[in-house]
Amino acid sequence: MIPEVKKLADKMQAARAKLIDVLESASEAQRKALIYEEGWNLYDLLSHIATAENENVRFLSDVIAADGARHQPRENVSDVNEWNAQAVAGQRGLTWAERMAALQAARATTLAVLEGVDAAAFAHRGTHAVWGEKDVSALVKILYLHDIMHRNDIVSKLKAGAA
């Protein structure tokens, strides 16, 4: 892994570890309580994080393979909220352990993709359907900033007793 990617991967892994610590520290009652206005609980959020990572890494792979790639979601949706709702709904009924396994599998895929980034591919850019034009570095940053954002939301809700 080239040094630039290693640095990003380390930040990504640190953010994920902190997120998992918060998720795993929640009681079952807290996991089932609504945490987002969309009607999501921590089970749903866990599915969201895994499915979002899978979709974003699918696009990251395209950018690494071809400078100028354009993101085309596989689902026929009009916006990111609709995509998120469909992705989470498709995971309903899975256990906490199954969702955690999906999250770990998504990260393993991400790390495998990052192993293949050389200096030339690191400079590639692509246009994401939601995030606009981004380079490889920005696409990886989105992954760990996403974890940080949701971790902060969870911590706030748990402290407030809302979940």
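Values in this document were obtained by computation on a predicted structure and should not be read as measured data.

Participant: Could you clarify how one ought to interpret the overall build of the protein in this entry?
Facilitator: If you tally the helices and strands in the protein, you get seven helices and three strands. Helices and strands appear in the protein in the N-to-C order α-α-α-β-α-α-α-β-β-α. Here the protein has a C-alpha radius of gyration of 16 Å; the compact-globule value for 163 residues is 15 Å, and the two agree. Relative to its 163 residues, the protein shows a buried fraction of 44%. For the protein, the proportion of contacts with a sequence separation of at least 24, taken over those separated by at least 6, is 72%. As displayed, the protein has an accessible area near 8,200 Å², and 53% of this comes from carbon and sulfur atoms. Within the protein, one finds 19 positive and 22 negative side-chain charges whose respective centroids are separated by 5 Å.

Participant: Sorry, what's going on with helix 5 (residues 96-115) here?
Facilitator: Because the α-helix completes a turn every 3.6 residues, residues three or four places apart line up on one side. Between the first and last C-alpha of helix 5 there are 29 Å, a value that for 20 residues agrees with the 28 Å anticipated at 1.5 Å per step. Within the span of helix 5, buried status applies to Trp96, Arg99, Met100, Leu103, Ala106, Arg107, Thr110, Val113 and Leu114. Taken down its axis, helix 5 places every buried residue within 140 degrees of arc, on the same side. Turned more than 90 degrees away from the buried face of helix 5, the exposed residues are Ala97, Ala112 and Glu115. In this structure, the buried side of helix 5 is in contact with helix 1 (3-25), helix 2 (28-32), helix 3 (42-65) and helix 7 (136-160).

Participant: Even after reading the chapter, I still don't get the pairing of strand 2 (residues 125-128), so can you show me in this structure?
Facilitator: What you see with strand 2 is a clean split: Gly126 and His128 sit on the buried side and Arg125 and Thr127 on the side with no burial. For strand 1 (residues 69-70) and strand 2, the ladder comprises two bridges, and the chain directions are parallel. Within strand 2, the position partnered with Ala69 by the bridge is Gly126. When strand 2 meets strand 3 (residues 132-135), the two strands line up antiparallel, connected through four bridges. Bridge assignment links Thr127 to a residue of strand 3, and that residue is Glu133. Hairpin remark: strand 2 followed by strand 3, antiparallel, with three residues in the connecting loop.

Participant: Honestly, the pattern of salt bridges in this entry has me stumped. Any pointers?
Facilitator: Where charged atoms from two side chains of opposite charge come close, those side chains can pair. Under the counting rule described, the total for this entry stands at 13 salt bridges. In this structure, Arg31 engages Glu28 in a salt bridge whose closest nitrogen and oxygen atoms are separated by 3.8 Å. With a gap of three residues between them, Arg31 and Glu28 both fall in helix 2, about one helical turn apart. Taking the relative accessible area as the measure of exposure, Glu28 reaches 35% and is therefore partly exposed. In this structure, the salt-bridge partner of Asp44 is Arg99, at a minimum N-O distance of 3.9 Å. Placement of the pair is Asp44 in helix 3 and Arg99 in helix 5, with a sequence separation of 55 residues.

Rules used throughout
Residues numbered from 1 in each chain as written. Predicted model: local features only at pLDDT ≥ 70, side-chain atom pairs only at ≥ 80, totals over all residues. Heavy atoms only, no water. Helix = DSSP H or I, 4+ residues; strand = E, 2+ residues; numbered from the N terminus. Rg over C-alpha atoms; globule rule 2.2 N^0.38 Å. Buried < 20%, exposed > 50% of the residue type's maximum accessible area, 1.4 Å probe, protein only. Contact = heavy atoms within 4.5 Å. Areas by Shrake-Rupley, 256 points an atom, 1.4 Å probe, with all protein chains shown as cover. Lys, Arg positive; Asp, Glu negative; His and termini not counted. Charge placed at Lys NZ, Arg CZ, Asp CG, Glu CD. Expected span 1.5 Å × (residues − 1). Arc of directions from axis to C-beta. Pairing = 2+ DSSP bridges. Salt bridge = Lys/Arg side-chain N within 4 Å of Asp/Glu carboxyl O.

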